[in-house]
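A closer look at the structure
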Amino acid sequence: MAVLSEYNWLLAIITIAFCFSAFGNGANDVANSYATSVAARTLTMLQAGFLSIITEFVGAVALGARVTSTIKNGIISIDRFDDQPGVLMLAMTCAEIGSAVWLMVATRFGLPVSTTQTVVGALIGVGFASKAPIKWAWTSGSVSQVAASWAIAPAIAGAMAALIFATLKYSVLERKDPLRMAMRLIPFYLAFTGAMLALFIVVEAPTAPSLEEFGAGKATGIVLGVFFGVLFIAYVFFMPYLHRRLILKDARLKFWHIPLGPLLRRKDPWLYFPSDANGDIVIDHYESARTAHYDGDSPELRPKNGHGKKHTGDILPVDVEPNPPCPLPGAKPKRFMGPQERFLSPTAHLRLADPRRIWSFTKFVVLQGVTRDCVSHNSSRLEKIHGYATQYDNRVEHIWTYPQVASAMLMSIAHGSNDVANAVGPWSATYSTYQAGIVATRSPTPVWMLVVAGVLLGLGFWVFGYHIIRSLGNKITQLSPTRGFSMELGAAITVLLASRLGLPVSTTQCLTGATVGVALMNYNVRAVNWRQVLFIFSGWLLTLPVAGLISGCLMVAALNTPHF
């Protein structure tokens, strides 16, 4: 039986706020992990949605405990609440509400913000309101360390991603025969990505002993074992598939034929569920994304002729006129159906109780978030920026779609491990205090909380994440699988290193830094959309004060409310 049962209402409120906070966290931050894959046409939104549910859950449950502790105990001093556990519950509730409100508002307007900055700002706001000491000095878990990680992490992620892409650029992409070099080196890139994931699982799993107790020798053995194991699998199963698809140009093959392995080296192998033999061998990852349609549900657009405005997905709104007689100059016609057109329009003529219309509405509700066009745009300025990026062999780019997906999954696991604390921290502190009757923020975070948070992170991306995919994606620079792989892996390594140190860093900032770092490898600053970078940066500047103001004002109002 809970000791502080008179505060049931506070626990109920913070639980609701936690759900919105975790949902908004997933909608805003999970998009970072898969934005480059969607923009490079490696994954569809639907595929990214399914993967995000799995990877965020794994990261949150298996790797998230250490950072949760830092968020709960490191930002404001809890000594202020030692004799007043109910006030601590109130403070954490206000912080959770402030974080949830800002995340939902920012996501709705397509503003990629740091969820870490959001929760830190919210905690600082309640700290000011309750006169609780805030840890500014350079100590473990202090605001100074968190702020330093915001500045350092993007630079490290940018340098690391640029280094990874440089190895690709000069060892594969710009060689005389890039396809031959790609076929030689892709097994090692796959093995390296798998080894990096194994390394951080070994050092991060909360149920495992510390790295010192586990032993460097055992950890090294596991990492090397995974490296050579993935290398073996790549040569036995992956290489025959690539040889038949790209060298022999067999369009019937799809990724689900990889398990056939050595059988694909036969002259005419049997294939289960073969694709169209006359289909494309690979897609054009550099195909212009500019169309007359940016949103699948919006009317066609062209330059304004005197009335009406519409935001087209570029940084600044441009004037347009709906239903034009001709499309934008140089733009392609609409080729994507939005969820309303795809699901609701075919049955709009049926009565409301018709089972077919009910089924269509059900599909619309469930799938509307993962059936959006997050690639197309109608900005001539953005198309010009993409033109400054070097284009490489699409066959080589296709090869790197596989490690790109692996690196995106690694990035998502990194996000789940690091940012689950942003939603769980205040809720866990409140729940522990509610159960114990005293301030109990040092107690371990229950696994069931991490499970709930992991599910909500993936669900947030599934329903609402398309707003951020549109804002990131190819809005900063021209993306391709090799570039996306470098960005995601560089950012993931940076985030997981920070998680190992217990520092809550921003995946948004890490990925943005990685994206700019790789874009600058074109050796042309015009290949970067600096307006979009500034747009994202302005969101970072707004996040901490806005979240702090919301939570602080709630705390002040609650503490000074008249009562009997």
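Residues numbered from 1 in each chain as written. Predicted model: local features only at pLDDT ≥ 70, side-chain atom pairs only at ≥ 80, totals over all residues. Heavy atoms only, no water.

To continue, consider the overall build of the protein chain. The helix and strand inventory of the protein chain stands at 19 helices and two strands. In the protein chain, which comprises 564 residues, the share counted as buried stands at 58%. In the protein chain, the proportion of contacts linking residues at least 24 apart, taken out of those at least 6 apart, comes to 80%. A total accessible area of about 23,500 Å² is found for the protein chain, and carbon and sulfur atoms account for 67% of it. (Helix = DSSP H or I, 4+ residues; strand = E, 2+ residues; numbered from the N terminus. Buried < 20%, exposed > 50% of the residue type's maximum accessible area, 1.4 Å probe, protein only. Contact = heavy atoms within 4.5 Å. Areas by Shrake-Rupley, 256 points an atom, 1.4 Å probe, with all protein chains shown as cover.)

Assignment of secondary structure puts Val-452 in helix α15 (residues 447–464). Accessibility expressed as a relative area gives 31% for Val-452, which makes it partly exposed. For the pair Val-452 and Phe-57, spaced 395 residues apart in sequence, the C-alpha to C-alpha distance is 8.7 Å.

Okay, the confidence of the model for the protein chain next. Per-residue pLDDT for the protein chain has a mean of 81; in total, 85% of the residues score no lower than 70. Low pLDDT, under 50, characterises residues 293–328; the stretch is placed with 83 contacts to residues that sit more than four places away or in other chains. (pLDDT = per-residue confidence, 0-100.)

Any two side chains of opposite charge can pair, on the condition that their charged atoms come close. Per the stated rule, a full pass over the model turns up seven salt bridges. The closest approach of N and O atoms between Glu-174 and Lys-169, which form a salt bridge, is 3.8 Å. Look at Glu-174 and you get partly exposed, because its relative accessible area is 41%. Its relative accessible area of 3% is what places Lys-169 among the buried residues. Between Arg-252 and Asp-268 there is a salt bridge, with the nearest N and O atoms lying 3.7 Å from each other. Of this pair, Arg-252 sits in the loop between α9 (216–247) and β1 (309–310) while Asp-268 sits in the loop between α9 and β1, placing them 16 residues apart in sequence. (Salt bridge = Lys/Arg side-chain N within 4 Å of Asp/Glu carboxyl O.)

With that settled, consider the packing of helix α1 (residues 8–39) against helix α4 (residues 85–108). Direction vectors running N to C along α1 and α4 enclose 30 degrees, while the axes themselves pass 8 Å from each other. The chirality of how α1 crosses α4 is left-handed. (Axes fitted to C-alpha atoms, helices over the stretch in contact; angles between N-to-C directions. Left-handed = near helix turned anticlockwise from the far one by under 90°.)

As a further point, take the packing of helix α5 (residues 115–130) against helix α19 (residues 530–559). One can describe the packing of α5 onto α19 by two numbers: an axis separation of 7 Å at closest approach and a directional angle of 35 degrees. Judged by the sense of rotation from one axis to the other, the crossing of α5 with α19 is right-handed. Residues Gln-117, Thr-118, Gly-121, Ala-122, Gly-125, Val-126, Ala-129 and Ser-130 of α5 form the contact with α19, whose own contacting residues are Trp-540, Thr-543, Leu-544, Ala-547, Gly-548, Ser-551, Gly-552, Met-555, Val-556 and Leu-559. A breakdown of the residues in the contact of α5 with α19 according to their chemical character gives nine nonpolar, nine polar and no charged. (Nonpolar A, V, L, I, M, F, W, Y, C, P; charged D, E, K, R; others polar.)

Once that is clear, we can look at unusual backbone geometry. The phi angle of most residues is negative, glycine excepted, and most peptide bonds adopt the trans form. Phi is positive for Phe-273, close to 50 degrees, though the residue is something other than glycine. Within the secondary structure, Phe-273 is located in the loop between α9 and β1.

It is worth spelling out the layout of surface pockets at this point. Looking at the largest pocket, its volume works out to about 1,600 Å³. Lining the largest pocket are 50 residues, with Arg-41, Thr-42, Leu-43, Gln-47 and Val-405 positioned closest to its centre. Those elements giving two or more residues to the lining of the largest pocket turn out to be α2 (45–63), α7 (178–204), α9 and α14 (401–436). In the lining of the largest pocket, the residues fall into 30 nonpolar, ten polar and ten charged. (1 Å grid on protein atoms, 1.4 Å probe; cavity = no way out; pocket = protein on both sides within 12 Å on 5 of 7 lines; lining within 4 Å. Points joined across faces, edges and corners; volume = space filled by probe spheres on them.)

Moving on: the side chain of Ser-480. Mapped onto the fold, Ser-480 is located in the loop between α16 (466–471) and α17 (481–501). Not counting chain neighbours up to four residues away, the residues in contact with Ser-480 comprise Ala-40, Tyr-286, Glu-397 and Gln-404.

This part is about the packing of aromatic side chains. In this structure the tally under the stated criterion is 16 aromatic pairs. Ring geometry for Tyr-189 against Phe-485: centres 6.0 Å apart, planes inclined by 75 degrees, an arrangement best described as edge-to-face. Of this pair, Tyr-189 sits in helix α7 while Phe-485 sits in helix α17, and the two are 296 residues apart along the sequence. Neither residue differs from the other here; Tyr-189 and Phe-485 are each classed as buried. For the pair Tyr-272 and Phe-273, a centre-to-centre distance of 6.3 Å together with 85 degrees between the ring planes defines the contact as edge-to-face. Aromatic ring contacts, followed pair by pair, group Phe-18, Trp-427, Tyr-431 and Trp-448 into a single cluster. (Phe/Tyr/Trp six-rings, centres within 6.5 Å; stacked < 30°, edge-to-face > 60°.)

Over its 16 residues, α5 extends 23 Å from the first C-alpha to the last, a length consistent with the 22 Å expected when each residue adds 1.5 Å. Measuring from the side-chain oxygen of the N-cap residue of α5 to the backbone nitrogen of Gln-117 gives 2.9 Å; that N-cap residue is Ser-114. Lys-131 lies just past α5 and shows a positive phi near 60 degrees. (Expected span 1.5 Å × (residues − 1). Polar contact = N/O pair within 3.5 Å; in protein donor to acceptor, adjacent residues only side chain to side chain.)

It is worth spelling out the nonpolar core at this point. Counting residues in hydrophobic clusters, the biggest one holds 57 residues, and the most contacted among them are Ile-186, Phe-238, Leu-242, Ile-399 and Trp-400. When contributions to this core are tallied by element, the ones reaching two or more residues are α6 (143–173), α7, α9, α13 (394–399), α14, α17 and α18 (507–519). It is α6 that contributes the most residues to this core, ten residues altogether. Those residues in contact with Ile-399, other than ones at most four positions away along the chain, are Leu-179, Ala-182, Met-183, Ile-186, Leu-242 and Leu-246. (Core = buried A, V, L, I, M, F, W, Y, C linked by side-chain atoms within 4.5 Å.)

With that settled, consider a nonpolar patch on the surface. Taken together, the side chains of Ile-53, Ile-54, Phe-57, Val-58, Val-447, Val-451 and Val-455 define a hydrophobic patch exposed on the protein surface, amounting to about 530 Å² of accessible area. Looking at the nonpolar patch, the elements that each hand over two or more residues are α2 and α15. Ranked by the residues each element gives to the nonpolar patch, the list is headed by α2, at four residues. Tracing the sequence through the fold places Ile-54 in helix α2. Residue class for Ile-54 comes out exposed when judged on its relative accessible area of 52%. (Patch = residues over 30% accessible without salt bridge, like charges linked within 9 Å, V, L, I, M, F, W, Y side chains within 5 Å.)

Turning next to α4. The end-to-end C-alpha distance of α4 is 35 Å, a good match for the 34 Å that 24 residues give at a rise of 1.5 Å each. Burial runs high along α4: 18 of the 24 residues are buried. Gly-110 lies just past α4 and shows a positive phi near 70 degrees.

For the rest of this paragraph, the subject is the side chain of His-467. Inspection of the secondary structure puts His-467 in helix α16. Here the side chain of His-467 touches Tyr-466 through a polar contact of 3.3 Å, side chain to side chain. Once residues lying within four places of it in the same chain are set aside, the contact partners of His-467 are Thr-107, Arg-108 and Gly-110.

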